[in-house]
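# Analysis of the macromolecular model
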Amino acid sequence: MIYNFSAGPAVLPKEVLQQAADEMLDWHGSGMSVMEMSHRGKEYMSIIEATLRDMRELFAVPDNYKVLFLQGGAIAENAIIPMNLAGLRTGNGQPGVADYINTGSWSVKSIKEARRYCEVNVAASSEAEQFASIPARDSWKLSRDAAYVHVCTNETIDGVEYHFTPDVAADTDNAPLVADMSSHILSRVVDVSKYGVIYAGAQKNIGPAGVTIVIVREDLLGHALPICPSAFNWKIVADNDSMYNTPPTYAIYIAGLVFQWLKRQGGVAAMEKRNIAKAALLYDYLDSTEFFQTKIVKQCRSRMNVPFFLHDERLNEAFLAGAKTHGLLQLKGHKSVGGMRASIYNAMPYEGVAALVDYLREFERMQG
Ligand SMILES: *Cc1c(COP(=O)(O)O)cnc(C)c1O
């Protein structure tokens with residue numbers, strides 16, 4: 001048995017890969033692979049419409065929100081967001097100020113890119129504590145005239161996750177909350193109505209790389225700065241049902257299969273229960289021994305990405321080699337953090353986490 005703990009592109013459900021293989025050469029008797037279809041033909045239209053419908057249903061997206069399929073990944077969104085929203089308050093095509101909360105590597109990247117397009121106020125940061133926690137909401141120094149407030153609700157590299165939904169309306173002039181949910185979207189129930197924009201690259205918890213999902217409240221459309229490329233202007237994309245340019249057709253198809261799989265699992269609430277159980281199994285073991293360590297404050301630990309360290313880092317190579325022989329793949333930590341990282345997204349079964357914990361115990365017994 002192989003279990004793949006990659007942070008992304010990441011494990012997909014076996015059933016989905018099998019179905020894609022079965023349908024690879026001839027989708028539903030059409031005589032074509034999905035890759036070969038016109039994106040405007042009736043076969044592909046049926047695929048993208050079902051994918052959209054299932055995404056809205058699974059994530060309980062309210063009617064006054066658009067769900068868009070874009071390209072460029074979450075990193076492109078770091079520029080696309082200010083280009084679409086920074087002019088929200090000024091109304092004259094000039095960017096205003098945007099507030100950002102800095103909770104880890106992905107926030108740092110978002111802030112750096114946004115600075116190319118607008119003034120950025122870093123309203124709170126946990127950088128001085130090596131991103132071991134999320135700054136408490138009452139410590140945030142928000143701008144009254146912020147165009148929007150940006151958060152990364154799960155830091156894939158650092159391993160912190162918001163377990164609360166920040167309310168920013170009262171301390172700003174009703175600024176929309178914008179969230180990078182790339183690495184935990186669909187892993188837990190979210191009240192979408194609390195956000196102005198939610199975005200996510202697909203390759204962590206949804207499907208293959210290549211499609212970016214943007215969920216945007218309708219009143220936030222139509223404020224793009226003049227420099228915004230048309231293909232990244234959310235209003236133009238929304239008016240064209242994500243077909244202003246050719247969408248990433250095959251990635252959307254696989255995302256659609258994952259959504260069908262999620263529905264068969266009982267939907268997002270059922271997934272959240274499983275994710276809580278998986279994370280508890282792993283963290284409880286890590287907490288029970290001195291041999292392994294975690295550095296994140298307990299209330300801020302990510303359920304999806306679990307960085308951990310061997311007490312004796314000289315054993316890192318032996319640990320990874322042994323993991324591989326046990327079929328436990330891609331456990332090496334991100335180079336900026338070091339140590340190990342287990343990413344345990346929706347498609348990672350409980351048994352995979354149990355196999356990892358068995359290996360941790362065995363390795364400790366052999367070396368400890
Ligand atoms: C992976 C990731 C990104 C970057 O996504 P790309 O598809 O490489 O642009 C951004 N933010 C978060 C939280 C991520 O996990």
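In what follows, the structure referred to is the one given above.
All figures in this text were calculated on a predicted structure; none of them were measured in a lab. (Residues numbered from 1 in each chain as written. Predicted model: local features only at pLDDT ≥ 70, side-chain atom pairs only at ≥ 80, totals over all residues. Heavy atoms only, no water.)

## Comments concerning the overall build of the protein chain
What the protein chain contains, in helices and strands, is nine helices and 14 strands. Rg of the C-alpha trace for the protein chain: 21 Å, near the compact-globule value of 21 Å for 368 residues, within the 12% margin. Expressed as lengths along the three principal axes of its C-alpha atoms, the size of the protein chain is roughly 65 × 60 × 30 Å. By the burial criterion, 56% of the 368 residues in the protein chain qualify as buried. Across the protein chain, the fraction of contacts at a sequence separation of at least 24, relative to all contacts at a separation of at least 6, is 70%. When the 35 basic and 41 acidic side-chain charges of the protein chain are each reduced to a single mean position, those positions are 2 Å apart. (Helix = DSSP H or I, 4+ residues; strand = E, 2+ residues; numbered from the N terminus. Rg over C-alpha atoms; globule rule 2.2 N^0.38 Å. Buried < 20%, exposed > 50% of the residue type's maximum accessible area, 1.4 Å probe, protein only. Contact = heavy atoms within 4.5 Å. Lys, Arg positive; Asp, Glu negative; His and termini not counted. Charge placed at Lys NZ, Arg CZ, Asp CG, Glu CD.)

## Considering the packing of aromatic side chains
The tally for this structure, following the rule as stated, stands at 13 aromatic pairs. Each ring, one from F319 and one from Y359, has its centre 5.2 Å from the other, and the planes form 45°; the classification is tilted. Residue F319 is located in helix α8 (residues 316-325), and its partner Y359 is located in helix α9 (residues 350-367); the two are separated by 40 residues in the primary sequence. On the basis of relative accessibility, which here comes to 3%, the residue Y359 falls in the buried class. Measuring from centroid to centroid gives 5.2 Å for F319 and F363, while their planes differ by 90°, and the two rings are edge-to-face. Residue F319 is found in helix α8, and its partner F363 is found in helix α9; the two are separated by 44 residues along the sequence. (Phe/Tyr/Trp six-rings, centres within 6.5 Å; stacked < 30°, edge-to-face > 60°.)

## Notes on the sheet that holds strand β11 (residues 292-293)
If you walk across this open sheet you meet the three strands as β11-β12-β14, and the pairing is antiparallel. In this open sheet, the two strands that pair with only one neighbour each are β11 and β14 (340-343). The sheet contact formed by strand β12 (residues 305-310) and β14 spans four bridges and is antiparallel. The residue of β14 that forms the bridge with N305 is S343. In the packing of helix α7 (residues 267-287) onto the sheet, contacts are made with β11, β12 and β14, and the angle to β12 comes to roughly 20°. (Pairing = 2+ DSSP bridges. Axes fitted to C-alpha atoms, helices over the stretch in contact; angles between N-to-C directions.)

## Notes on the site of the ligand
Around the ligand, the neighbouring residues are G73, A74, I75, W106, C152, N154, T156, D180, S182, S183, Q203 and K204. At 2.8 Å from an oxygen atom of the ligand is found a main-chain nitrogen or oxygen belonging to I75. Between a nitrogen atom of the ligand and a side-chain N or O atom of D180, the distance comes to 2.7 Å. Looking at the shell around the ligand element by element, the count peaks at three residues for helix α3 (residues 73-85). A per-class count over the shell around the ligand returns four nonpolar, six polar and two charged. (Near = heavy atom within 4 Å. Polar contact = N/O pair within 3.5 Å; in protein donor to acceptor, adjacent residues only side chain to side chain. Nonpolar A, V, L, I, M, F, W, Y, C, P; charged D, E, K, R; others polar.)

## Notes on a nonpolar patch on the surface
Taken together, the side chains of M24, L25 and M35 define a hydrophobic patch exposed on the protein surface, amounting to about 330 Å² of accessible area. Inspection of the secondary structure puts L25 in the loop between α1 (14-22) and α2 (42-58). Assessed through its relative accessible area of 72%, L25 is described here as exposed. (Patch = residues over 30% accessible without salt bridge, like charges linked within 9 Å, V, L, I, M, F, W, Y side chains within 5 Å. Areas by Shrake-Rupley, 256 points an atom, 1.4 Å probe, with all protein chains shown as cover. Salt bridge = Lys/Arg side-chain N within 4 Å of Asp/Glu carboxyl O.)

## What about the packing of α7 against α9?
Packed helix pairs are specified by the crossing angle of their axes together with the interaxial distance, meaning the distance between the axes. Running from amino to carboxyl end, α7 crosses α9 at an angle of 5°, the nearest separation of the two axes being 9 Å. Classified by the angle their axes make, α7 and α9 are roughly parallel. When α7 is examined against α9, the residues A277, K278, L281, L282, Y285 and L286 are found in contact with a partner set consisting of Y350, V353, A354, L356, V357, L360, R361 and E364. A breakdown of the residues in the contact of α7 with α9 according to their chemical character gives eleven nonpolar, no polar and three charged. (Parallel < 35°, antiparallel > 145°, perpendicular 65-115°, else oblique.)

## A look at the side chain of S6
Mapped onto the elements, S6 comes out in the loop between β1 (3-4) and α1. Engagement of the side chain of S6 in a polar contact is seen with the backbone oxygen of P9, the distance being 2.7 Å.

## Focus: the nonpolar core
Nonpolar side chains in soluble globular proteins tend to be buried together. M55, F59, I185, L186, I198, I215 and F259 are the most contacted members of the largest nonpolar core, which totals 59 residues. No other element matches helix α6 (residues 249-264), which puts ten residues into this core. Core analysis: the second largest hydrophobic core is formed by 28 residues, A279, L282, L286 and I344 among them. (Core = buried A, V, L, I, M, F, W, Y, C linked by side-chain atoms within 4.5 Å.)

## Comments concerning α7
With 21 residues, α7 should reach 30 Å at 1.5 Å per residue; the first-to-last C-alpha distance of 30 Å fits that figure. Listed in full, the buried residues belonging to α7 are G267, V268, M271, E272, N275, K278, A279, L282, Y283, Y285 and L286. Turning to α7, the residues buried within the fold contact α2, α6, β11, β12, β14 and α9. (Expected span 1.5 Å × (residues − 1).)

## Notes on the packing of α8 against α9
Where α8 contacts α9, the axes come no closer than 11 Å and their chain directions differ by 130°. By the criterion of interaxial angle, the relationship of α8 to α9 is oblique. Note that α8 runs across α9; the crossing there is right-handed. From α8, A318, F319, G322 and A323 reach across to α9, where they touch Y359, L360 and F363. A per-class count over the contact of α8 with α9 returns six nonpolar, one polar and no charged. (Left-handed = near helix turned anticlockwise from the far one by under 90°.)

Take it as geometry only, folks, not as evidence of what the structure does.
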